[in-house]
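The lines below spell out each chain.
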Amino acid sequence: MLPQKRGETPETQSRTLQVKNTFQTSLSAWKVKQKPSDSKTILKQNPVEAHEYMDVQAEDTLQIALQYFEKGPIKTSSKKDKILEKHLKMVETVAWKNGLAPEAIDVLLNVALGGKFGNAVNTRLLKCMIPTNLISEDSVIKAVSWLCAGKCSGSTKVLFYQWLVAMFDFIDHKEQINLLYGFFFASLQDDALCPYACHLLYLLTKKENVKPFRVRKLLDLQAKMGLQPHLQALLSLYKFFAPTLISVSLPMRKKVYFKNSKALWNSAVLAVRLRNQSPFSEPLKLTLNPANFNPLKRKWNSRSVIPVLNSGSCTKEWGKKEMSLSECLSCDRLLPPERLQSFPLLLQNIHCLELPSQMGSVLHSSLLLHYINCVRDESLLLRLYHWLSQTLQEECIWYNVNSYEQRKEFTNLLDTVIRAECFLQEGFYSCEVFVYKSIPLWDGLCCRSQFLQLMSWIPFSSFSEMKPLLFDHLAQLFFTSTIYFKCSVLQTLKELLQNWLLWLSVDIHKKPVMSSPLETTLGASMNSVAKLIHYVGWLSTAAMRLESNSPFLLHFILDFYEKESPEERTMNISSIREKKWHSYLEYLFSEGFHGLKFFIRSSIHHSVS
Amino acid sequence: MDPYTPESTPRQSATSGLKDYFLGATPLQKRLESVRKQISTLPTPPRRKIPQCSQLQEDVDPQKVAFLLHKQWTLYSLTPLYKFSYTNLKEYSRLLSAFIAAEKQKGLAVEVGEDFNIKVIFSTLVGMKGTQRDPEAFLVQILSKSQLPAQNREGKVLWTGWFCCIFGDSLLETVSEDFTCLPLFLANGAESNTAIIGTWFQKTFDCCFSPLAISAFNLSWMAAMWTACKMDHYLATTEFFWSVPCSPQSLDISYAIHPEDAKALWDSVHKTPGEVTQEEVDLFMDCLYSHFHRHFKIHLSATRLVRVSTSVASAHTDGKIKILCHKYLIGVLAYLTELAIFQVE
């Protein structure tokens, strides 16, 4: 049939692979289509470092299974049942875990409706035909053509129709399927198929499909079979499109017509929708048993934690029935946030930008972050503050039981928040509050790098105020932890100092005239900085003693003291250097002169070598 | 006099971008100050007032609030609602009905026979506030429309939820006028409906719901405070439930006391008139524990208090409450509002 592309590198392999009768693709083709999340799910089960190897194995077995199905049953040995069972199980597990790729669905549809295997096998195959993201239209057309060949049993046909209805939304294009409208309409004759065919037609019908002869046919069927809800559904839809053609009165009450034939695939459909819609969240792990959540913590929408960008259409003023002309003219120029695609567009519309209905969604959009940085709207920031503090508090995994998925979600959330902070080059208040609230309970291990990064973005404030809230707890953790934690903390404190100096330096440049009574003098600010340096000095001295002068630790300590950050230069304040030098001297001449001994020893060592 | 008020330190303003605006008096800054205060000092005040029948409550028609009693409510805390207006309640009803109908019919045509004729009603609850400053409480109900319009107009109530704020001064100070502070949300009905309505509120008013759990510490406070309430006649016995997590099945201990005995015990412990202190609560609970220990040799203080039930109200640690006495409704809600505000801050 169609020629197959061979011998291409993964980068050049086209996505729509042409399928031949004997289905053989190169392993690399599967790799291209495999989502990166697959490796993670396999990693969870089998925490082996070489998870790529596991990836290949999984694909391999699936490919073998598909090949087996393609070739048809082997009539030779009695062992075929076991092999068949093994391959079926393989396909089912992959389908329920991650869904099947469009090509796999293509193959399996042909197999299921082609009548090569028995009824039971076909049923099982159809039941597990869950797509990853979408189903290609061609496979559906081919499957329908198999129906005409009459190779499969009646019950398989029924199941196929049910499957089509359930997975209708995931078929990528429907133009060609619409061309088969007449075929589906003809299948209304079959009593067993009639309800499902009606449902399918209900989904498929467009205005041009409504023809008088079809209407007549439906009315005949209704006369023959009586008032069936599914026929009524189709008739009411026809009446909606072409009210002149139908004179029969239909019940206006909008009842529900169709049996829930999607019951088999409900959870699967939900999972596929999630996969399609939220690229930020983890792929959902499908289980055939409902997962038991902690009832208190069940999330209402199991989508990603950060809300989707929605224009705030609901918060417009309703009460005003009469609007003045100027209001009308200004109203419709509001640009909804979803249409904001580029920076120039933001600049043009900055005065008439409509705010999203949920402020949390700005975390994903760098343009909106720019916007909230410039616009000094307090309610906006309050909304963000409330949302972020509640979300961090609820999602925090060391407050409550943490499963693997929750940990990943929380880490992702923290990463997003940190990215936003880095982008804005300043910290959020909610994160500061979160750090204060959670550090007494923190074990030093959960989400360590993210938490420390959050700490480094804490906005500048008085050191003595922060000391009981943050630094005392941090010191406790510091002294009782490994050397790597100590080094990470020193790194964090260095970044914190840099950030503080950056803000102070900007402050100085902005300061010139106004001196509000609430602002303190530069001296007081520098006092706070000095106290921080002193605190770090105290930590380092004690740490060096605890770790018996480990050179690894010394590197981080000296990094804090020696590297002069550019912020210090812009401040042009030599007192910082003095303070640092002072602390360093304290260390050298500290009790027991350990530091000094080490310094001398290492200098001798360097001069000798 | 009060040792817990810190000196208000002026905030050093590092002025740039977001923070340029925040000089002292803005709500966000006040919020940060209050959080700092809260964390560095005691989390709960050492004394609280015994709930009395407040003046405002005298005006409340007992018939109107009777439907709030004797029902099990699930508790949630709620961040302030943005641009919520009491004049638009009809509009909100309409939008919420449409939203619920859309959610339930997602994906076209579901089971035959399920009735989707529901109506949502928003209404205000007059009198459910502590002080005049508190915002008005409002109620949301989902009713099923009856099939035949001739029959009873009001259909069956499927779900009820209400928002209130009792003595919420600490939160009210820290928000601007665009926000409506109703930190306590109580829901009764199917969880799926709560989820749908909660999602609509979150999308429309940019608020956050979070389930409000009641810790054992707060449950013992509730037990003490409600036992201290003067009652003419007692509707139910005073009961405590403890849970011991052990395998394979957890051990549940229930301890029932005659309400008059509990009141007598409380009166012997109670010293300061009109107020309940931490020491009194501890003493009250210790008496109960030691009595139990004497008979059964089990240290209840080592287990986890899960449920408290008195004639005034009963509360479960999962955040469920049932109020039995109309007289002390406001008092119970005041305590719950305090817990909700603590969680929101």
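Residues numbered from 1 in each chain as written. Chains lettered and ligands numbered in written order. Predicted model: local features only at pLDDT ≥ 70, side-chain atom pairs only at ≥ 80, totals over all residues. Heavy atoms only, no water.

## Side note on the overall build of chain B
Scanning chain B from N- to C-terminus turns up 10 helices and 15 strands. Counting across all 345 residues of chain B, residues that qualify as buried make up 53%. A sequence separation of at least 24 residues applies to 70% of the contacts in chain B between residues at least 6 apart. (Helix = DSSP H or I, 4+ residues; strand = E, 2+ residues; numbered from the N terminus. Buried < 20%, exposed > 50% of the residue type's maximum accessible area, 1.4 Å probe, protein only. Contact = heavy atoms within 4.5 Å.)

## Description of the overall build of chain A
The helix and strand inventory of chain A stands at 28 helices and 0 strands. In chain A, the proportion of contacts linking residues at least 24 apart, taken out of those at least 6 apart, comes to 71%.

## Considering the side chain of Thr 156 of chain A
Structurally, Thr 156 of chain A is set in helix α8 (residues 154-166). Dropping the residues within four chain positions of it, Thr 156 of chain A is found in contact with Ala 112, Leu 113, Asn 119, Asn 122 and Leu 126 of chain A.

## Things to note about a nonpolar patch on the surface
Residues and elements named next belong to chain A. A cluster of nonpolar side chains, namely Ile 600, Ile 604 and Val 608, defines an oily patch on the protein surface of about 300 Å² accessible area. You can see Ile 604 is positioned in helix α28 (residues 594-608). For Ile 604, a relative accessible area of 47% translates into the label partly exposed. (Patch = residues over 30% accessible without salt bridge, like charges linked within 9 Å, V, L, I, M, F, W, Y side chains within 5 Å. Areas by Shrake-Rupley, 256 points an atom, 1.4 Å probe, with all protein chains shown as cover. Salt bridge = Lys/Arg side-chain N within 4 Å of Asp/Glu carboxyl O.)

## Digging into the pattern of salt bridges
All names here are of chain A. Scanning the entire structure with this criterion turns up 11 salt bridges over all chains. Residues Lys 89 and Glu 85 are paired through a salt bridge, measuring 3.3 Å at the closest nitrogen-oxygen approach. Note that Lys 89 and Glu 85 are positioned in helix α4 (residues 80-98) at a spacing of 4 residues, about one turn of the helix. A relative accessible area of 48% means that Lys 89 is categorised as partly exposed. Glu 85 gets classed as partly exposed once you look at its relative accessible area, which sits at 32%. With its nearest N and O atoms 3.1 Å apart, the salt bridge here joins Glu 92 to Arg 124. Of this pair, Glu 92 sits in helix α4 while Arg 124 sits in helix α6 (residues 119-127), and the two are 32 residues apart along the sequence.

## Points about the packing of helix α4 (residues 89-104) of chain B against helix α6 (residues 191-205) of chain B
Residues and elements named next belong to chain B. Following both chains from N to C, one finds α4 and α6 inclined at 125°, their axes separated by 10 Å at the closest point. Here α4 lies oblique to α6, going by the angle between them. In this structure, α4 meets α6 at a crossing whose hand is right-handed. Residues Tyr 92, Leu 95, Leu 96, Phe 99, Ile 100, Glu 103 and Lys 104 of α4 pack against Asn 193, Ile 196, Ile 197, Trp 200, Lys 203 and Phe 205 of α6. (Axes fitted to C-alpha atoms, helices over the stretch in contact; angles between N-to-C directions. Parallel < 35°, antiparallel > 145°, perpendicular 65-115°, else oblique. Left-handed = near helix turned anticlockwise from the far one by under 90°.)

## Looking at helix α24 (residues 522-546) of chain A
For α24 of chain A, built from 25 residues, the straight-helix expectation of 36 Å at 1.5 Å per residue is met to within 8% by its first-to-last C-alpha distance of 36 Å. Once α24 of chain A finishes, Ser 548 of chain A follows within two positions and takes phi at roughly 45°, a positive value. (Expected span 1.5 Å × (residues − 1).)

## Structural notes on the environment of Ile 64 of chain A
By the element assignment, Ile 64 of chain A lies in helix α3 (residues 51-71). Between the C-alpha atom of Ile 64 of chain A and that of His 87 of chain A, which follows or precedes it by 23 residues, the distance is 8.2 Å.

## Brief notes about the nonpolar core
Residues and elements named next belong to chain A. Judged by nonpolar contacts, the single largest core of 81 residues is most densely connected at Trp 398, Phe 410, Phe 471, Leu 493 and Tyr 535. Ranked by the residues each element gives to this core, the list is headed by helix α23 (residues 483-510), at 12 residues. Counting 75 residues, the second largest nonpolar core, distinct from the first, contains Cys 128, Leu 147, Leu 201 and Leu 231. (Core = buried A, V, L, I, M, F, W, Y, C linked by side-chain atoms within 4.5 Å.)

## Some words on the environment of Leu 539 of chain A
Residue and element names in this part refer to chain A. Checked against the element boundaries, Leu 539 lands in helix α24. Through-space distance from the C-alpha of Leu 539 to that of Ile 557 is 9.7 Å; in sequence the pair is 18 residues apart. Leave out the neighbours within four places in its chain, and Leu 539 touches Ala 475, Phe 478, Phe 479 and Leu 493.

## Some details on the confidence of the model for chain A
When pLDDT is averaged along chain A, the result is 73; 67% of the residues meet or exceed 70. Here residues 314-324 of chain A is modelled with pLDDT under 50, and outside its nearest four sequence neighbours on either side it reaches 12 contacts, counting other chains as well. (pLDDT = per-residue confidence, 0-100.)

## Considerations on the environment of His 173 of chain A
Residues and elements named next belong to chain A. Inspection of the secondary structure puts His 173 in the loop between α8 and α9 (175-179). Judged by relative accessible area, which is 43%, His 173 ranks as partly exposed. A sequence separation of 36 residues divides His 173 from Glu 137, and the C-alpha atoms of the two residues are 5.8 Å apart.

## Observations regarding α6 of chain A
Buried within α6 of chain A we find Val 121, Asn 122, Leu 125 and Leu 126 of chain A. Taken end-on, α6 of chain A shows its buried residues confined to a sector of 130°, consistent with a single buried face. (Arc of directions from axis to C-beta.)

## A short note on the confidence of the model for chain B
Residues and elements named next belong to chain B. Model confidence for chain B is summarised by a mean pLDDT of 79, while 79% of its residues fall at 70 or above. Across residues 1-24 the pLDDT falls below 50, and counting only partners more than four positions away or on other chains, this stretch makes 65 contacts in the model. Note that residues 107-115 has pLDDT below 50 and, in this model, 22 contacts with residues that lie over four places away or in other chains. Interface confidence for the predicted complex, given as ipTM, is 0.82, next to a pTM of 0.63.

## Comments concerning the packing of aromatic side chains
All told, the structure shown has 50 aromatic pairs over all chains when counted by the stated rule. Consider the rings of Phe 552 of chain A and Phe 556 of chain A, whose centres lie 5.5 Å apart with planes at 75°: the pair is edge-to-face. Placement of both Phe 552 of chain A and Phe 556 of chain A in helix α25 (residues 551-562) is noted, with a separation of 4 residues, approximately one turn of the helix. Classification of Phe 552 of chain A as partly exposed rests on a relative accessible area of 39%. Pairing Tyr 92 of chain B with Phe 205 of chain B gives two aromatic rings, centres 5.2 Å apart and planes at 90°, and the pair type is edge-to-face. Here Tyr 92 of chain B, found in helix α4, pairs with Phe 205 of chain B, found in helix α6; they are 113 residues apart in sequence, far enough to count as distant. (Phe/Tyr/Trp six-rings, centres within 6.5 Å; stacked < 30°, edge-to-face > 60°.)

## Side note on unusual backbone geometry
Residue and element names in this part refer to chain B. Its identity is not glycine, yet His 70 carries a phi of approximately 60°, on the positive side. Judged by its relative accessible area of 52%, His 70 falls in the exposed class. Non-glycine residue Lys 297 carries a positive phi angle of around 55°. On the secondary structure map, Lys 297 appears in the loop between α9 (278-296) and β13 (304-309).

## A word on the side chain of Thr 317 of chain B
Residue and element names in this part refer to chain B. By the element assignment, Thr 317 lies in the loop between β14 (313-316) and β15 (320-323). A relative accessible area of 10% means that Thr 317 is categorised as buried. At a separation of 2.6 Å, a polar atom in the side chain of Thr 317 contacts the main-chain carbonyl oxygen of Ile 214. Once you skip the residues sitting within four places of it in the chain, Thr 317 turns out to touch Ala 213, Ile 214, Ser 215, Leu 219, Arg 304, Leu 305 and Val 306. (Polar contact = N/O pair within 3.5 Å; in protein donor to acceptor, adjacent residues only side chain to side chain.)

## Brief notes about the packing of helix α5 (residues 102-114) of chain A against α6 of chain A
For any two helices packed against each other, the geometry is given by the interaxial angle and the distance between the axes. Residue and element names in this part refer to chain A. It is at 9 Å that the axes of α5 and α6 come closest, and there the two elements cross at 150°. In terms of their interaxial angle, α5 and α6 are classed as roughly antiparallel. In this structure, α5 crosses over α6, and the sense of that crossing is left-handed. Across the interface between the two elements, Leu 108, Leu 109, Val 111 and Ala 112 of α5 pack against Asn 122, Leu 125 and Leu 126 of α6. For the contact of α5 with α6, the residue count by class is 6 nonpolar, 1 polar and no charged. (Nonpolar A, V, L, I, M, F, W, Y, C, P; charged D, E, K, R; others polar.)

## Observations concerning the pairing of strand β6 (residues 157-164) of chain B
Residue and element names in this part refer to chain B. The element β6 is largely enclosed, with a buried count of 6 among its 8 residues. Bridging between β6 and strand β8 (residues 184-188) involves 5 bridges; their strand directions are antiparallel. Residue pairing for β8: Gly 161 is matched across the bridge by Ala 187. (Pairing = 2+ DSSP bridges.)

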